[in-house]
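Here's the letter readout for the chains.
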Amino acid sequence: MKERIAALRRLPPEERRFFCLFWSFWLTLAVFPAGYFVRDVMPVVSFAFLILYYRGNPQAGVWRRLDARPLFYCLWSMMLMGVLFSENIFSSLQHVGKNLNMGIILPFIAMECVREEKDLRRLIWACAAACFWQGLDGIWQACTGRDFILGYARNAGRLTGSLGDYSVGNYIALAVIPAFGLWSVLRRGLPPVSAAFLWAAALWPAFFLLVGAASRSGALAVAAALTIRLLQTDAKPRRKYAVLAAAILPLILLLQGRAQLNAVTEDGRWSLWKLAWNVFLEHPWFGAGAGQYNAAFRALDLAPGKDLITISHPHNIFLDMLYAHGLVGFTLGMVFLLGFLRWGYKRIRPRLREESAGGGESIYWRLTVWFWIGFAAWPINGIFGHDFYRTWWMGLAMSHLGIMIGAVVNGCGKQANNST
């Protein structure tokens, strides 16, 4: 240990700052579901290292070289509108502000943590580690009735892991998508059979938890992610593979016991969506304000058909953006979401094809694409999921976005330098 500390001290100041920034963020991803304290404090620690990193490298940061910065301005404008045009400004400020130490700062931390392929491989391992131990926690909870981190019990018969709620299914769905890149990491040094065995051994606990949490929206996100990835391959039977990937959704639903038609037709979300639409019609241009769903539908003398009157969001990220920010804010938010998806796709896709066809040892873009898909799965998960400002959910998605941005900016920059 002393030798490692001494070796760290011998590094140039810039490398020491990056070391602290990277490993604090790595730890954030690896232990993310361990409790509120970890999720609230670790990003702040990383942000402190980020400030030191920027001070020591004012011209080298990814943010300064990012040509898509206006997309972040769109996001911040939407957030600002959700506060300034709110029916209760102070309440909306609290609702948006609680993301400051996660969803708002994490993309900037993450984008500075990818300088080369080695960093991507390590971040893939962080995601896989989080999925593995959280999956084991779910197995323990299934066997004993309590998770081994915080002692949470099942909720309505569904596994909750250390998040204490069955929304852990949505967490594990988003976290496992970048972890799928572990296959490419393992294949660098192992034959297919050995790599497949270790890949399955590392990720099967996550799938156990996904099934046990009975999250249909999580199953949808995973199936969509695999389908998107397989559609990007150049293999001739890619459509057949994509169909098989899409079949994962009904398979998981069957295992969850939630594939019945009446479970869909009688779902309370239909009523919640209708309430959000009615609130939007009442505040069409600038919305009712972030986090004002409950107060807004009550003001209209409306009530949910099946859920408790205290329900706080419409269980749909798009309707949440629409009722809270109106058409103007919703447009800004969609420019941010779709803009970064398009930005990443245009830069990753041709390089991914070139790398896959080249037969070289580099797996840089095959790892990067999983973080792009991880971000793409966020709004897909949100079709039936949480509100836009759910802190841990937004924080995880923004981490994927930041890693993708850092990989693209630095990866494209190195290719440009090599070609000159």
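Scroll up for the structure.
Keep in mind that what you see is a predicted model, and the values were worked out from it rather than measured. (Residues numbered from 1 in each chain as written. Predicted model: local features only at pLDDT ≥ 70, side-chain atom pairs only at ≥ 80, totals over all residues. Heavy atoms only, no water.)

*Asks:* Would you explain a nonpolar patch on the surface in this entry?
*Replies:* On the surface, Leu80, Leu84, Phe85, Trp285, Phe286, Leu327 and Val328 cluster together into a nonpolar patch covering about 660 Å² of accessible area. Looking at the nonpolar patch, the elements with two or more residues in it are helix 5 (69-84) and helix 19 (317-358). Among the structural elements, Leu84 can be located in helix 5. (Patch = residues over 30% accessible without salt bridge, like charges linked within 9 Å, V, L, I, M, F, W, Y side chains within 5 Å. Areas by Shrake-Rupley, 256 points an atom, 1.4 Å probe, with all protein chains shown as cover. Salt bridge = Lys/Arg side-chain N within 4 Å of Asp/Glu carboxyl O. Helix = DSSP H or I, 4+ residues; strand = E, 2+ residues; numbered from the N terminus.)

*Asks:* Got a minute to help me understand the packing of aromatic side chains in this structure?
*Replies:* Pairs of aromatic rings are described using the distance from one ring centre to the other and the angle between the two planes. Tallied over the full model, the rule gives 36 aromatic pairs. Taking 6.2 Å as the distance between ring centres and 50° as the angle between the ring planes, the aromatic pair formed by Phe18 and Tyr53 counts as tilted. Here Phe18 is found in helix 2 (residues 13-30), whereas its partner Tyr53 is found in helix 3 (residues 36-56), with 35 residues between them in sequence. By relative accessible area, Tyr53 is classed as buried at 3%. Judged by centre distance (5.0 Å) and plane angle (45°), the rings of Trp277 and Phe280 are tilted. Taken together, the positions of Trp277 and Phe280, both in helix 17 (residues 269-282) and three residues apart, correspond to about one turn of that helix. (Phe/Tyr/Trp six-rings, centres within 6.5 Å; stacked < 30°, edge-to-face > 60°. Buried < 20%, exposed > 50% of the residue type's maximum accessible area, 1.4 Å probe, protein only.)

*Asks:* Could you clarify how one ought to interpret the side chain of Glu112 in this entry?
*Replies:* Position of Glu112 among the secondary structure elements: in the loop between helix 8 (106-111) and helix 9 (117-144). One buried charged residue, Glu112, forms no salt bridge at all, with the nearest opposite charge on Arg65 at 5.6 Å. Within the structure, the side chain of Glu112 is placed 2.9 Å from the backbone nitrogen of Val62, a separation counted as a polar contact. If near-sequence neighbours (up to four positions away) are discounted, Glu112 is found in contact with Phe18, Leu21, Leu50, Tyr53, Tyr54, Gly61, Val62 and Trp63. (Lys, Arg positive; Asp, Glu negative; His and termini not counted. Polar contact = N/O pair within 3.5 Å; in protein donor to acceptor, adjacent residues only side chain to side chain. Contact = heavy atoms within 4.5 Å.)

*Asks:* Any chance you could explain the packing of helix 17 against helix 19 here in plain terms?
*Replies:* Geometry of a packed helix pair, given as the angle between the helix axes and the separation of the axes. Two elements in contact, helix 17 and helix 19, have axes whose closest approach is 9 Å; the angle formed by their N-to-C orientations is 10°. Regarding the angle of helix 17 to helix 19, the classification is roughly parallel. The segment helix 17 lies against helix 19, with Trp273, Ala276, Trp277, Val279 and Phe280 engaging Leu319, Leu322, Tyr323 and Leu327. Among the residues forming the contact of helix 17 with helix 19, the class breakdown is nine nonpolar, no polar and no charged. (Axes fitted to C-alpha atoms, helices over the stretch in contact; angles between N-to-C directions. Parallel < 35°, antiparallel > 145°, perpendicular 65-115°, else oblique. Nonpolar A, V, L, I, M, F, W, Y, C, P; charged D, E, K, R; others polar.)

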